[in-house]
Amino acid sequence: YPFALFYRRYLFYKDSYLIHLFHTFTGLSIAYFNFGNQLYHSLLCIVLQFLILRLMGRTVTAVLTTFCFQMGYLLAGYYYTATGNYDIKWTMPHCVLTLKLIGLAVDYFDGGKDQNSLSSEQQKYAIRGVPSLLEVAGFSYFYGAFLVGPQFSMNHYMKLVQGQLTDIPGKIPNSMVPALKRLSLGLTYLVGYTLLSPHIPEDYLLTEEYANQAFWFRCMYMLIWGKFVLYKYVTCWLVTEGVCILTGLGFNDFDEKGAALWDACANMKVWLFETTPRFTGTIASFNINTNAWVARYFFKRLKFLRNKQLSQGLSLLFLALWHGLHSGYLVCFQMEFLIVIVERQVSRLIRESPLLSNLASIAVLQPLYYLVQQTIHWLFMGYSMVAFCLFTWDKWLKASESMLVKMATNHQTPGTEGVPCPPSASVACLSPQVYKSIYFLGHVFFLSLLIILPYVHKAMVPRKEKLKKME
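What you see is a predicted model, and the numbers here were worked out from it, not measured in a lab.

Is there a simple way to explain helix α5 (residues 91-110) in this structure?
Because an α-helix packs 3.6 residues into every turn, residues spaced three or four apart end up facing the same way. In this model α5 runs 28 Å from its N-terminal to its C-terminal C-alpha over 20 residues, within 8% of the 28 Å that 1.5 Å per residue would give. Burial analysis of α5 places 19 of its 20 residues in the buried class, the great majority of the element.

This is the structure we're talking about:
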């Protein structure tokens, strides 16, 4: 925020090279403050990316080289630095940088094509000029998005540098109030998470005490924890969005009434996130810019496969690998893929079945429907987040050998009820399986629905001929 205020006061309409230098210097300073000499990882990838663009030009080879090199570098970083815990290392901002540089290469490639051959979206992001090293560095190190995002295009960044992202042409953007609103909302989530996190720890899912609780309690704890654990991400994105709005990067034109929109860098739709009873609604409200990036540069580019579900599956696989090499990421996104498919099938069934559509339209039952949907929604969202947050299979699936050895050393048997946990042996009291403790409920529930729903649809939805007669 101090950098953003300095930029507004002294640099907003200054020469472009000064702004690029400011963004590069401040971003490097943030990288050094957090990761010390390991800032060379980002610097190396940025310089090499610039050379790839200059030496290979607007070619498919440049795009493929960028993708393989940048993703390979990130995955190698994960391999050499990752532990079984949540790691805040140089790889955290580097995953954000990886998407930026891949998107840069694709947009640069599109800039060499005939404009009529591009979609309207591709035309918007295509880079017609040739970026300099300073421009690429400023774009990559912009302090408002270097650590945790959001994603934005080079063209949008250049509009910021050229002073175009303002609701008052020729003047500094009137964005102080919108920025402070997002900051305040982010700090509210921060305070809530800080106060409540000691009472809803994810480590409790691994304890023998959790495994010995009643089934309904295990499910409810997972439901509440699954909702709550996402608040740390919500906090980060709201706070950084405020910085982007303050600089003007969040400016997104005007609405129909002429009011300025400041959601260009929004990574959260907070109201939708808190109220939607659907999994697809949560996906649409969470990490918006990253999801938009994957849709724009990955999912839509797989159109040649002519299979939407295959393209979606490959996109989720890419997202899982982008998050890290832990098996938990793969399990989480596999569950997301399965849940979304089933949810769409259920929606189609309710929409096309006269009986179910009539039941769903009964006004007096709407609160009950909403409560049931939200319970199912957040229970299985928490179920998916277990693998995402516990990372390694020895936590979310089975106990590791070292854990079992420690249990044996303390004369404990996994699953034994009533065995006290010594204060100095918390690791030895880990439950053998988190998913087993709730009988793999998510996998059983959604795989069963995936198999059963087509038959239910066939039985409950009349043929078109019958529908015409009914009409």
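Even after reading the chapter, I still don't get the environment of Y32, so can you show me in this structure?
With respect to the helices, strands and loops of the structure, Y32 is situated in helix α2 (residues 16-35). Spatially, the C-alpha atom of Y32 lies 9.8 Å from that of W90, the residues being 58 residues apart in sequence. Residues within four places of Y32 in sequence aside, it is in contact with N37 and L39.

I'm lost on the UniProt feature "transmembrane region" (unreviewed entry) in the chain in this one. Help?
Under the UniProt annotation, the feature "transmembrane region" (unreviewed entry) is placed at residues 39-56, 63-81, 125-149, 230-251, 316-342, 354-372 and 438-457. Overall, residues 125-149 shows 40% helix and 0% strand. The separation of its end C-alpha atoms is 18 Å. The span residues 316-342 is 89% helix and 0% strand, and its two end C-alpha atoms sit 16 Å from each other.

What's the story with the environment of R9 in this structure? I'm lost.
Mapped onto the elements, R9 comes out in helix α1 (residues 2-10). Linking R9 and T392, residues 383 residues apart in sequence, is a C-alpha distance of 47 Å.

Is there a simple way to explain the packing of helix α17 (residues 327-352) against helix α23 (residues 441-460) in this structure?
Two packed helices can be described by the angle between their axes and the distance between those axes. Contact pair α17 / α23: the axes reach a minimum separation of 10 Å and the direction vectors enclose 25°. For the element pair α17 / α23, the angle class is roughly parallel. Here the hand of the crossing between α17 and α23 comes out left-handed. Facing V331, Q334, M335, L338, I339, I341, V342, Q345, V346, R348, L349 and E352 of α17, the residues of α23 in contact are G442, H443, F446, L447, L449, L450, L453, P454, V456, H457 and M460. When its residues are assigned to classes, the contact of α17 with α23 shows 16 nonpolar, five polar and two charged.

Conventions adopted
Residues numbered from 1 in each chain as written. Predicted model: local features only at pLDDT ≥ 70, side-chain atom pairs only at ≥ 80, totals over all residues. Heavy atoms only, no water. Helix = DSSP H or I, 4+ residues; strand = E, 2+ residues; numbered from the N terminus. Expected span 1.5 Å × (residues − 1). Buried < 20%, exposed > 50% of the residue type's maximum accessible area, 1.4 Å probe, protein only. Contact = heavy atoms within 4.5 Å. UniProt positions renumbered as here; feature names shortened; annotations may be inferred. Axes fitted to C-alpha atoms, helices over the stretch in contact; angles between N-to-C directions. Parallel < 35°, antiparallel > 145°, perpendicular 65-115°, else oblique. Left-handed = near helix turned anticlockwise from the far one by under 90°. Nonpolar A, V, L, I, M, F, W, Y, C, P; charged D, E, K, R; others polar.

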